Every structure is written in C-alpha cells, then in structure tokens.
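Chain by chain, the residues:
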Amino acid sequence: MNRLIKKKMIPWDQRAGDPLIPATGIAAGGTLFDPLANVMSKRMTRRGFLTATALTGATVLLASAKSGLLDLPYAEAAAQAGTVRFALIADSHTMGAKNPRMKSRLSAAVNEVNALIPRPDWVIYMGDAVHDGSEDQFKYFEEIMAGLQVKKVYYVPGEHDWYLDMGNYYMKNMVKGRLPWSFDDKGVHFVGLNGILYPDFWTVRKLSPQERMNIAGTLNHPMLGPFTLGREQLDWLEKDLSRFGNDAPVVIFTHPPLYHYYRPWNFWTEDAPEAHEILKRFKSVHVLHGHVHQTVQNRIDNIQVIGHVSTAWPHPYPPAYHTLGLTGQMPRSDPSKLYDGLGWARYELGEREVKHEDIVWTLRPPKV
Ligand SMILES: [Fe+2]
Ligand SMILES: [Fe+2]
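Visitor: I would appreciate a short explanation of the coordination of the iron ion (ligand 2) in the present structure.
Guide: Tetrahedral coordination by four donors sets the ideal angle at the metal to 109.5 degrees; octahedral coordination by six donors sets it to 90 or 180 degrees. Surrounding the iron ion (ligand 2) are the protein donor atoms Asp128 (OD), Glu159 (OE), Glu159 (OE), His255 (NE2) and His291 (ND1), which sit 2.1 to 2.5 Å from the metal. Every donor residue of the iron ion (ligand 2) comes from the same chain, spaced as D-x30-E-x95-H-x35-H. Distance-wise, the iron ion (ligand 1) is placed 3.5 Å from the iron ion (ligand 2), both being coordinated by aspartate 128. Pair noted here: aspartate 128 is in the loop between strand S6 (122-125) and helix H5 (135-145) and histidine 291 is in the loop between strand S13 (285-289) and strand S14 (296-300), with a separation of 163 residues, a long-range link. Note on aspartate 128: relative accessible area 1%, which makes it buried. Judged by its relative accessible area of 1%, histidine 291 falls in the buried class.

Visitor: Just checking my understanding: could you explain unusual backbone geometry for this structure?
Guide: Glycine aside, residues mostly have negative phi angles, and peptide bonds mostly take the trans form. Between isoleucine 117 and proline 118 the backbone carries a cis peptide bond, its omega angle lying at -5°. You can see proline 118 is positioned in the loop between helix H4 (100-115) and S6. Following leucine 179, the chain continues to proline 180 via a peptide bond in cis, the omega torsion being -5°. We note that aspartate 91 has phi near 50°; this positive angle belongs to a residue other than glycine. For aspartate 91, the location among the structural elements is in the loop between strand S5 (84-89) and H4. Judged by its relative accessible area of 0%, aspartate 91 falls in the buried class. Although it is not a glycine, methionine 166 sits at a positive phi angle of roughly 55°.

Visitor: Got a minute to help me understand the coordination of the iron ion (ligand 1) in this structure?
Guide: Looking at the iron ion (ligand 1), the protein donor atoms are Asp91 (OD), His93 (NE2), Asp128 (OD) and His293 (NE2), and they sit 2.0 to 2.3 Å from it. Its four donor atoms give the iron ion (ligand 1) angles of 87 to 174° at the centre, a pattern that matches the irregular case. Coordination of the iron ion (ligand 1) draws on donor residues from a single chain, spaced D-x1-H-x34-D-x164-H in sequence.

Visitor: Teacher, can you tell me more about the side chain of serine 310 here?
Guide: Relative to the elements of secondary structure, serine 310 occurs in the loop between strand S15 (303-307) and helix H11 (320-323). At 3.5 Å, the side chain of serine 310 forms a polar contact with the side chain of histidine 293. For serine 310, the residues in contact, after removing those within four places along its chain, are Ala90, Asp91, His293, Leu342 and Gly343.

Visitor: Help me out: how do you make sense of the environment of isoleucine 303 in this one?
Guide: Here isoleucine 303 lies in strand S15. Between the C-alpha atom of isoleucine 303 and that of lysine 283, which follows or precedes it by 20 residues, the distance is 8.5 Å. Once residues lying within four places of it in the same chain are set aside, the contact partners of isoleucine 303 are His276, Leu279, Val285, Val287 and Asn298.

Visitor: I tried to follow the nonpolar core on my own but got confused; where do I start?
Guide: The tendency in soluble globular proteins is for nonpolar side chains to be buried as a group. Counting 64 residues, the largest nonpolar core has Phe86, Phe190 and Phe253 as its most contacted members. Non-local contacts of phenylalanine 253, meaning those with residues more than four positions away in its chain, are made with Phe86, Trp122, Ile124, Met126, Val156, Trp181, Phe190, Val191, Gly192, Leu193 and Leu288. Residues Leu193, Phe244, Leu258 and Ala275 belong to the second largest nonpolar core, which totals 30 residues.

Visitor: Honestly, the side chain of aspartate 271 in this entry has me stumped. Any pointers?
Guide: By the secondary structure assignment, aspartate 271 is in the loop between strand S12 (267-268) and helix H10 (272-279). One buried charged side chain, aspartate 271, makes no salt bridge at all; its nearest oppositely charged neighbour is arginine 231, positioned 7.0 Å away. Contact partners of aspartate 271, with chain neighbours within four places excluded, come to Thr228, Leu229, Gly230 and Leu234.

Visitor: Would you mind showing me how to read the pairing of strand S9 (residues 188-192) here?
Guide: Residues in a regular strand project their side chains so that they alternate between the two faces of the sheet. Within S9, five of the five residues are buried, leaving the element largely enclosed by the surrounding structure. Of the two faces of S9, the one holding Val188, Phe190 and Gly192 and the one holding His189 and Val191 are both buried throughout. Here strand S8 (residues 181-185) pairs with S9 via five bridges, running antiparallel. Directly across from serine 182, in S9, lies its bridge partner valine 191. Joining the antiparallel neighbours S8 and S9 is a turn of two residues, in which lysine 186 adopts a positive phi near 50°. Pairing between S9 and strand S10 (residues 250-254): four bridges, direction parallel. In the strand pairing of S10, glycine 192 is matched with phenylalanine 253.

Calculation notes
- Here the residue numbering is sequential within each chain, running from 1 through the sequence in written order.
- Naming scheme: in the order in which they are written, chains are lettered from A and ligands are numbered from 1.
- pLDDT decides what is reported in this predicted model: residues at 70 or higher carry local features, side-chain atom pairs at 80 or more are listed and counted, and totals for whole chains, interfaces and linings draw on all residues regardless.
- Side-chain calculation: all heavy atoms of the structure are included, whereas hydrogens and water are not.
- Coordinating donors are taken as N, O and S atoms within 2.8 Å of the metal, stretched to 3.2 Å for Na, K and Ca; because water is absent from the atoms, sites can appear incomplete.
- Strands are runs of DSSP state E lasting at least 2 residues, helices are runs of H or I lasting at least 4, and numbering of each runs from the N terminus.
- Burial classification: accessible surface area is computed with a 1.4 Å probe over protein chains only, and a residue below 20% of its type maximum counts as buried, one above 50% as exposed, and the rest as partly exposed.
- Four donors are marked tetrahedral only if all angles between them lie between 85 and 135 degrees, whereas four are marked square planar and six octahedral if opposite donors are more than 155 degrees apart and the other angles lie between 65 and 115; the remainder are marked irregular.
- Between N or O atoms, a polar contact is any pair within 3.5 Å; within protein, one atom must be a potential hydrogen donor and the other a potential acceptor, and residues adjacent in sequence are included only when both atoms are from side chains.
- Contact between two residues is taken to exist if any of their heavy atoms lie within 4.5 Å; hydrogens are not considered.
- To form a nonpolar core, buried Ala, Val, Leu, Ile, Met, Phe, Trp, Tyr and Cys residues must be joined to one another through side-chain atoms within 4.5 Å.
- Only four residue types enter the charge count, namely Lys and Arg as positive and Asp and Glu as negative; His and the chain termini do not.
- A pair is scored as a salt bridge if a Lys or Arg side-chain nitrogen falls within 4 Å of a carboxyl oxygen belonging to Asp or Glu.
- Strand pairing is assigned whenever DSSP identifies at least 2 bridges connecting the two strands.

Geometry only, nothing functional implied.
Below you can see the structure in the form of structure tokens.
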C-alpha cells in the first residue's frame, strides 16, 4: 500500500530543477526559503506556539534539501490519527477568458492539491478569487475550482471579490450567506472573517459600482481608508470563541494581514489590535492571510501570523518588511515565466505538531 502511495506522490524532490536563483531569506521566526527544496517550511508543535512566544518567537525546524517536509513519509503521516490536513490557495485574480494565464496558474494549484497523498481534507481559499468582481469572472473561477477533489472548500473574501456588488454574489454563492463563519475539525477551531471592509468612500461621491470596484482594487488609492473588521464582527468573534478554554488551538483566516504591516499599500487591518485583545488569552493562535502576494510571517505575542503567495502575481516586500526584523527579498519575478513568484500552501495540524509548507513555483514550475 505504501509503495502504491509513494508511486502516486508528487515527486517534489525528483523534479528537474531550474538553474538556482539566489535564495531569499525570511529570517525572523527562523524560516528560510530553501532554493534546493523550493519550499518555505517550518515545523512546530502545538506546544511550540507557546514555547515560541515565551522564548524567542522563533519557529523550530528548517527545511533543507535532504530533510524536512520534502522527505516526510506521507503514508506514515496519513496513519496518524487526528491530523487536520488542508491546502490554502490565495489571490488568483481570475479575469475570465481575457487572461488565460490566471486560469493556468489556478489550475496548476488545483491539480497539485489533487495530487497530494494523502489528499487534504479541505481547502481554504483566501480571497481575491476574481479581479473585477463580476458574475462572469466568478463563474469562470468556479469552473476551475470545481476540479478540486476535496470534500469542502471554504472561502473568505478579498476586496476584488466584493466592491462591484458589495458582496452580493459572494455572500450568496461562495459562502452561502455565512460570513463570518467557524467550525471545528479534530480539536482545532477554525474561523473565517470578512477582513476587507472599507469605510464608505463611494456614497457621498455618487460613484458607480465599477468606479467603486476600481478604487477598492487599487492598493494605494488615496480615497481608501484602512480595512476594518468592524465592531459587529469583533463582537461575533468574541462570542464565537467564548465557549473555548485558553488551551483550544485557534486558526483564523482573513484576507489582509491582521496587524499593521504597511498602510500605504493597505497591508493593514485598522482594528487588528482589538482582535488581538480577544485572542490574547489563547495559548495557540494562528492567523493566516492572503492579500500581500508574498510569504511573510510575523509573531505578535501569542499570535503567529502567516501571509501567503498568490497564484496571480507577486508583490515586492514593502519597507515595513524590514522593520519586522525580517531580512532578504523575494527573487525578482520574471514575467516571461508563467509561474514565477507564485504558488500555494498546505498545512498539517497533528496532535503534537503543526506543519506548514509553502509550495513556491519560482524554481520548479508545476508539472501536473
Ligand atoms: Fe490580491
Ligand atoms: Fe486583496
């Protein structure tokens, strides 16, 4: 059985590598981009969340070409009881048939997720599914996502999904009226938030829906206030978490960073400190986000925040990246390469260990 599974696995470590590009470092938290392994990877125990807070804020293990997740015996991992496996795809910005490159990239992520052994239990899609919020674009996106062979796909919205029709299509079709939402899986509490609420900049200016969308979709537009969760959603979060003890592991999904990363590009949630207040009693909190189109991590007290690459295009690191104590830069994306600077991620939350792997296509484009 194991032999069969291994034969079907994506041979990550057997791919013909492209010429190496200088590695980028994501040093705070002890996580490195590994040019040989082509992953951003770290491992930490659930207890490790707490330990990391108390000691160094650092994550625990690094991937290397010869160790780490690449060589993880997945069949063995599958035998572990109680492991939550999910894949994370972000920021596809699918534009319909006018931009088939976006389709190729999202399809590649879908195919790679399907090829994982064991297959993830579910997928979280982190927002900016489409670029202009139109129904046509959503239907195009949904056709590609229909290829995912997982039990469930969860969604949180990005600003590009929302501001053409103020979330009407999204609420009805992507989240079936439920936002924010939460669920439990094998002892972990997962929460999806609507993190892209802008103060109303359109009513007084009598903007058309398309004008509103165009402005909302421009990161540094001077008309935009910061993203907020809003009082109502913060109250919902507090109530949703109230039935859990401080030991409960909590994972939050929200499109923009749930902290003050870089305001000029709206890498920012204005009322993030209020959310942190609600979360501070928990020993183990992970906040996963998209929007920044880059791998970036930040630890704020008990909260490990992880940003992810997109399947559309990479953003450079903002100046604030260095004030986080991080070093290095992403390799400059080569626009002639369909998959450069892009990718997706997967997580395994076991009884004693939490694993996170970023599959970055920069060096080894997808082959499935
Ligand atoms: Fe995006
Ligand atoms: Fe976004």
